[in-house]
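Residue strings, one per chain:
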Amino acid sequence: PIATIVNLTGTFLDWNNGESTFAPEITLKQYVLVSFVPLILATFYTIPWKILDNTIREMEPFYQLSQPGGATAENSLCLDYATSFLFTTPFKSIRNGHAIVLWSSLTSLAVIFLPSLVSEALFVSTTGICTPDVRDRNCHSVWAVYPKLIRAIQALLSFIAVLLILMIIYGYRRNSGVYSEPLSIAGLASLLSNSSVLETFQMIDSTTKKRELQRLLAGKRFAISEKSPSDLDRTAEEDVMKPRLRISRVWCDIRLKLYYYLAILFLGGLFILITFYFFTRGDSGFELWMDSGTYGLRFAWTGLGTAIKLFFNYLDQGKSISNLRRNEPYHRLLLGSSQPEDSILVPVYMSPFSAIIPSFHRRHFLVSLVCFASVLAEFLPICLGNIPYTPSLTYHAFVTCSILSMIILLFMMACIVVLILRPRRKVRPLPRRTDTLASICCYVAAGESVQGSAIGMLDQLSGLSNKGTTERDTVVIERGGLYAMGIIKGDGLRVDCDGRITRLWSD
């Protein structure tokens, strides 16, 4: 054929001899290849980029600290890339002059649009007369493409390739300055234990709010040397902040529950729409639109699935009030007498895929449950993109995708209900989020042990910063200590050995 012509009556091929014929009917294998495989591949393609972006954002403060001369607190200890919303991260990185964070966040943004573009670029069309009432002998399915969307996908993939090359070149000689995983409580505490900056964080009241903490550290420089962080100007005595107001647990609960209720309302409304469309055969405006096969329909539904995925990931990992994966170790410490493998040794997982099984083994069942829901949400765009029914869509595909979508949405709503109903066990909310290194340092910078008192956590972790992750964790576990987060007499709210905690941080 020398040309392909698509009009209201179907898809035709023009030949060299001047004849025009209907496009040949595709096989079932070809149908699966065009309807599902590209969308599945695009969905899987986004996962490693998300893990890479999360890793770069989490580790960027350490790369800044390891530079010659170190970095200011604003560009290192107070960075909050890890929990920043994806769409705002590029602007933050430009403001801070962090090129590799900019490139990785742009890559994550680019891959978000891939599933929606792929859902419309490759599709199954019909030729001949194909209506519910009339089907002629030429009615069959054909493989079709939108060339402009294909070119857009090629441009997007080329853009990602360029960014990847830049990240490889720029990051080749970068050094984080750490020997083991530094994102767990024990990892950061081992870096802080023999550091010259420890006294500075001990002087800062542990209940200081985030903005006040940033003000205290503003303009001061920090660095990671071979031995410990250094080059910090000591905070003046008059700059030490005192606690102002007790955090209102009622207000925090209201904000948290409101976020959950909005999530249920959004997911429940979508579930009702899909259920209505699946079980009814009416002529409402919504059903006519869904059956119209209009260009952009699959794009819209695939995009809706991507939005839900981002929404639930934000609940699981972002700067939401819950942030289960990041806050679970602190929740265990607030309950007191926690094993190190359940609290201070828990790493920051870069994706829900890697967090499900370890969280389940630690009996962090709620974290494992929500991570599993986040994994299911990754595949929601595939199901939603194949719900709008057209003559080219097989009935089995329509039924399967509709049922899977309803099951996934029900499971996500059930997870949110569990979050709403879970008991708080009289644990007070923390004065500030644990989304920056400075915030965590204030919590772990307990005062030195006095003679005759229990050995502190920082004393136990002294000298472990130069060991590998496995060796460090083995040493901590073999010591058999318990850890807690609470009030130490004369030292405020800290994470320390259980024996040094005077009372728990509870109502």
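Remember, predicted model here, so these are calculated numbers, not experimental data.

**Quick look at the overall build of the protein chain**
A count of helical and extended segments in the protein chain gives 20 helices and 11 strands. Buried residues in the protein chain amount to 53% of all 507 residues. Across the protein chain, contacts joining residues at least 24 apart in sequence account for 70% of those joining residues at least 6 apart. Element-wise, carbon and sulfur atoms account for 63% of the exposed surface of the protein chain, whose accessible area totals about 24000 Å².

**Here's the deal with the nonpolar core**
In terms of nonpolar packing, the biggest core is built from 50 residues, with Phe 201, Leu 217, Ile 344, Met 457, Met 485 and Val 495 touching the most fellow members. Top contributing element to this core by residue count: helix H18 (residues 437-444), with 7 residues. Those residues within four positions of Leu 217 in sequence are excluded, and the remaining contacts are Ala 73, Cys 78, Phe 201, Ile 204, Phe 222 and Ala 438. Counting residues in hydrophobic clusters, the runner-up holds 48 residues, among them Phe 271, Phe 312, Ile 356 and Cys 401.

**Overview of the packing of helix H3 (residues 89-96) against helix H4 (residues 99-112)**
Axis separation between H3 and H4 bottoms out at 8 Å; the angle between their running directions is 165 degrees. What the angle tells us is that H3 and H4 run roughly antiparallel. Taken as a pair, H3 and H4 cross one another with a handedness that is left-handed. Packed against H3, whose contacting residues are Thr 89, Pro 90, Ser 93 and Ile 94, the element H4 presents Val 101, Leu 102, Ser 105, Leu 106 and Leu 109 at the interface. Here the residues of the contact of H3 with H4 sort into 6 nonpolar, 3 polar and no charged.

**Here we look at unusual backbone geometry**
Positive phi values are uncommon outside glycine, yet Ser 337 reaches one of about 50 degrees. Locating Ser 337 in the fold gives a position in the loop between helix H13 (324-335) and helix H14 (352-361).

**What to know about the packing of aromatic side chains**
For the structure on display, the rule yields 11 aromatic pairs. When the centroid spacing of 5.4 Å and the interplanar angle of 45 degrees are considered together, the rings of Phe 85 and Phe 87 count as tilted. Given the relative accessible area of 39%, Phe 85 is considered partly exposed. Residue Phe 87 is classed as partly exposed on the basis of its relative accessible area of 35%. Where Trp 103 meets Tyr 170, the ring centres are 5.7 Å apart and the plane angle is 85 degrees; that geometry is what we call edge-to-face. In this pair, Trp 103 sits in helix H4 while Tyr 170 sits in helix H6 (residues 147-171), placing the two residues 67 residues apart along the sequence. Among the aromatic residues, ring-to-ring pairing joins Tyr 277, Phe 278, Phe 279 and Phe 398 into one connected group. Positioned above the aromatic ring of Tyr 63 is the side chain of Arg 174, whose terminal nitrogen or guanidinium carbon lies 4.4 Å from the ring centre. Directly above the ring of Tyr 443 sits Arg 432, whose terminal nitrogen or CZ lies 4.2 Å from the centroid.

**Considerations on the side chain of Glu 287**
Residue placement: Glu 287 occurs in helix H11 (residues 285-291). Classification of Glu 287 as buried rests on a relative accessible area of 3%. At 2.7 Å, the side chain of Glu 287 and the side chain of Thr 280 are in polar contact. Residues within four places of Glu 287 in sequence aside, it is in contact with Phe 276, Tyr 277, Thr 280, Arg 281 and Gly 282.

**Examining the pattern of salt bridges**
Across all of its chains, the model carries 13 salt bridges by this definition. Salt-bridge contacts for Asp 435 lead to Lys 210; the nearest nitrogen and oxygen are separated by 3.4 Å. In this pair, Asp 435 is assigned in the loop between helix H17 (395-421) and H18 and Lys 210 in helix H9 (residues 210-217), connecting sequence segments 225 residues apart. Assessed through its relative accessible area of 6%, Asp 435 is described here as buried. With a relative accessible area of 26%, Lys 210 lands in the partly exposed category.

**Focus on the confidence of the model for the protein chain**
When pLDDT is averaged across the protein chain, the result is 80; 81% of the residues are at 70 or more. The least confident element of the protein chain, judged by mean pLDDT, is strand S8 (residues 229-230) at 37; the most confident is H4 at 93. Low pLDDT, under 50, characterises residues 228-248; the stretch is placed with 58 contacts to residues that sit more than four places away or in other chains.

**Some points on the sheet that holds strand S11 (residues 503-504)**
Read from one edge of the open sheet, 3 strands run S10-S9-S11, paired in antiparallel fashion. The open sheet has two edge strands, strand S10 (492-497) and S11, and neither has a second partner. Each of strand S9 (483-488), S10 and S11 touches H13; the most contacted strand, S9, lies at about 65 degrees to it.

Reading the values: rules and limits
Residues numbered from 1 in each chain as written. Predicted model: local features only at pLDDT ≥ 70, side-chain atom pairs only at ≥ 80, totals over all residues. Heavy atoms only, no water. Helix = DSSP H or I, 4+ residues; strand = E, 2+ residues; numbered from the N terminus. Buried < 20%, exposed > 50% of the residue type's maximum accessible area, 1.4 Å probe, protein only. Contact = heavy atoms within 4.5 Å. Areas by Shrake-Rupley, 256 points an atom, 1.4 Å probe, with all protein chains shown as cover. Core = buried A, V, L, I, M, F, W, Y, C linked by side-chain atoms within 4.5 Å. Axes fitted to C-alpha atoms, helices over the stretch in contact; angles between N-to-C directions. Parallel < 35°, antiparallel > 145°, perpendicular 65-115°, else oblique. Left-handed = near helix turned anticlockwise from the far one by under 90°. Nonpolar A, V, L, I, M, F, W, Y, C, P; charged D, E, K, R; others polar. Phe/Tyr/Trp six-rings, centres within 6.5 Å; stacked < 30°, edge-to-face > 60°. Lys NZ or Arg CZ within 6 Å of the ring centre and 35° of its normal. Polar contact = N/O pair within 3.5 Å; in protein donor to acceptor, adjacent residues only side chain to side chain. Salt bridge = Lys/Arg side-chain N within 4 Å of Asp/Glu carboxyl O. pLDDT = per-residue confidence, 0-100. Pairing = 2+ DSSP bridges.

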